[in-house]
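Coordinate analysis (summary)
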Amino acid sequence: MTSRHLPVLDLAPPAVAPDGPRPAAAAADARVAEFRPVDQALPRFWVWTLGCQMNKSDSEEMAGRLLATGCAEAPGMEAADLIVINTCAIREAAEAKVIGRQGALAALKAANPALRVVLTGCAVRERDRAGLRRRFPAVDLFLRPDEEPELVERLGLASAQGPVGLGSGNGAPNPPGSAVAPRTAATTVVKGVAVSAADHLAGSRADAVASGAVRRESAVAAWLPIIYGCDKTCTYCIVPFSRGPERSRPFDEVVDEARALAAAGYREITLLGQNVNSYGHDLPAEARFAHVAEARRAGRQIDRASRPDLAELIRAIDALRGPDGGLAVPRLRFITSHPWDLSDRLVDAMAEAPSVCAALHLPVQSGDDEVLHRMGRQYSIAHYEERLGRIRGAIPGIAVSTDVIVGFCGETEAQFASTLRLLETIRYEQVFAAAYSPRPGTPATRLPDDVPAAVKKERLNRLLALQEEIGFARNRERLGSVASVLVDTLERPRGHDHAEEGGEPPPPTLAGRDPFAAPLPDGWVRLAGRSRENRLVHLAGPAAIVGSIVDVRIEAVGPYSLRGVLA
Ligand code: SF4
């Protein structure tokens, strides 16, 4: 573990903002006025977030800290003096997206010499620092994910004070003068490689929440990170090298944040972690958790005795009550789970806690044991199916989604066929699939990337076509049913209706009677939200129901989403 001083990026004051620098407060004693320095115009910032929910949550913190410093948020990249890019490195394409924008960023910098670009997220790994400037020439400052809490300090903005009462991420005003001293990032060594150490992230998160420096994207559904980093050994994955070993947040701090979110009116909370169901194994043992002792069924054994786990956390958040005595958090989700830690305790907690939504994302990655072995996943398909059978037995109708990598090193046609068979057996609601792309520095780069790109593409298309059929069939099973939907989106009106929301390909056909075929009643608009099974549901109704949980009778379905009417 090493710590260090915080080199500061020199920020040239941007041209005076169109609405002019913030007026200096009138001094009580006129003699003092003489010495008041001119306020430096603070940069208008814009955050570009790529990748997973954890990145979205991290971006909410970075934006919150910049707002707490008095910076205004720019409406877009072109209007910003400070651009923060929160990268994803899980696939080559994700990094290529940012590399491809270096020219545009350079042009913006030529037009606005005060513009500064910060790059953070999983593309910034300690051991690759030397190459970063070559790959991202328009970037001024590189921050590893664990260095993000230092953003304000590294920009030299720490001295700037935001208007008091900015408001905590959960709406409560922040105590006057509550500048948050950053907890300094550090690195540790994994397999001889210097990687981020997330030891300080729990503390900086608690500080950000307490001081209101979390700018949440949504007012109805909130991300709540509970564990940082990853201890697993997947050979294709960059995360252990970019985010370091697993570090859980203290149990009570997580429950407190959930309680505060509920008090602020949030209807849904999603607990976050690269391996959310590994929560707690690194926390100190406590007598109050003496009943927690279940051993892992696969993977590396760990000592869980008397340490809180995800099951314990779920039960604690589920037990929170609102002023009416009802569930304080009506909808509780968690992502991303790993088959190693899908324990009986967790399954029972999900089945017994009414706030837990009936949806589970459980990446499998391949349907073949040999491929799983080469991937370093350390479980078998038999184990995976046994766990899934356990949870489907406990929660009938639970929606299951997964991740699959196609064309991993050495994958034969027969091994790929095993993956297709697994999809036909399990019949997932949703599959997020991608072709394997070697990530620099991962153990898999020592294996030959011997599946030709054309074969990877052809297999991926075959898999997606199969899953589209399965997904459509699963959705047809929901025709006529009533879904409980948290309405969180006002859809833009459209002339004609051939494309589904979210850029999905036009559905081959819609099964059922399309509720949007007829003109909408006066005053009604198109809305969308997610069911407890995490299905995307389109509906019509008064805009005032955004933020509410409503019952929707499903009248029509496509392969990727449902359509319905207010029940
Ligand atoms: S579990 Fe595997 S795939 Fe997931 S973040 Fe960890 S190393 Fe990566």
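Quick look at the overall build of the protein chain
Regarding its fold elements, the protein chain presents 15 helices and 20 strands. Split into buried and exposed, the 567 residues of the protein chain put 54% on the buried side. Taking all contacts inside the protein chain whose residues are at least 6 apart in sequence as the whole, residues at least 24 apart take part in 76%. Split by element, the accessible area of the protein chain, about 23,400 Å² in all, is 57% carbon and sulfur.

Focus: the pattern of salt bridges
Summed over the entire model, instances satisfying the criterion amount to 49 salt bridges. Across the pair R205 and E257 runs a salt bridge whose closest N-O atoms are separated by 2.5 Å. With R205 in helix α7 (residues 201-210) and E257 in helix α9 (residues 251-263), this residue pair connects regions lying 52 residues apart in the sequence. Judged on exposure class, the residue R205 and its partner E257 are both buried. Salt-bridge contacts for R387 lead to E386; the nearest nitrogen and oxygen are separated by 2.7 Å. With relative accessibility at 2%, the residue R387 sits in the buried group. Given the relative accessible area of 39%, E386 is considered partly exposed. Salt bridges sharing common partners tie together E294, R297, D344, D348, E386, R387 and R390.

A few points about the sheet that holds strand β11 (residues 331-335)
Taken together, 3 strands build an open sheet; the order of strands is β7-β10-β11 and the sheet is parallel. Edge positions in the sheet fall to β7 (221-225) and β11, since each has one partner strand and no second. Each neighbouring strand pair of the sheet contributes to a mean axis angle of 25 degrees, computed without reference to strand direction. Examined bridge by bridge, β7 and strand β10 (residues 268-272) share 5 bridges and lie parallel to one another. Bridged to L224 within β10 is L271. The sheet strands contacting helix α2 (residues 53-68) are β7, β10 and β11, and the helix crosses β7 at an angle near 95 degrees. Relative to β7, α9 is tilted by about 170 degrees, and along the sheet it contacts β7 and β10.

Rules of the game
- Residues numbered from 1 in each chain as written.
- Predicted model: local features only at pLDDT ≥ 70, side-chain atom pairs only at ≥ 80, totals over all residues.
- Heavy atoms only, no water.
- Helix = DSSP H or I, 4+ residues; strand = E, 2+ residues; numbered from the N terminus.
- Buried < 20%, exposed > 50% of the residue type's maximum accessible area, 1.4 Å probe, protein only.
- Contact = heavy atoms within 4.5 Å.
- Areas by Shrake-Rupley, 256 points an atom, 1.4 Å probe, with all protein chains shown as cover.
- Salt bridge = Lys/Arg side-chain N within 4 Å of Asp/Glu carboxyl O.
- Pairing = 2+ DSSP bridges.
- Axes fitted to C-alpha atoms, helices over the stretch in contact; angles between N-to-C directions.

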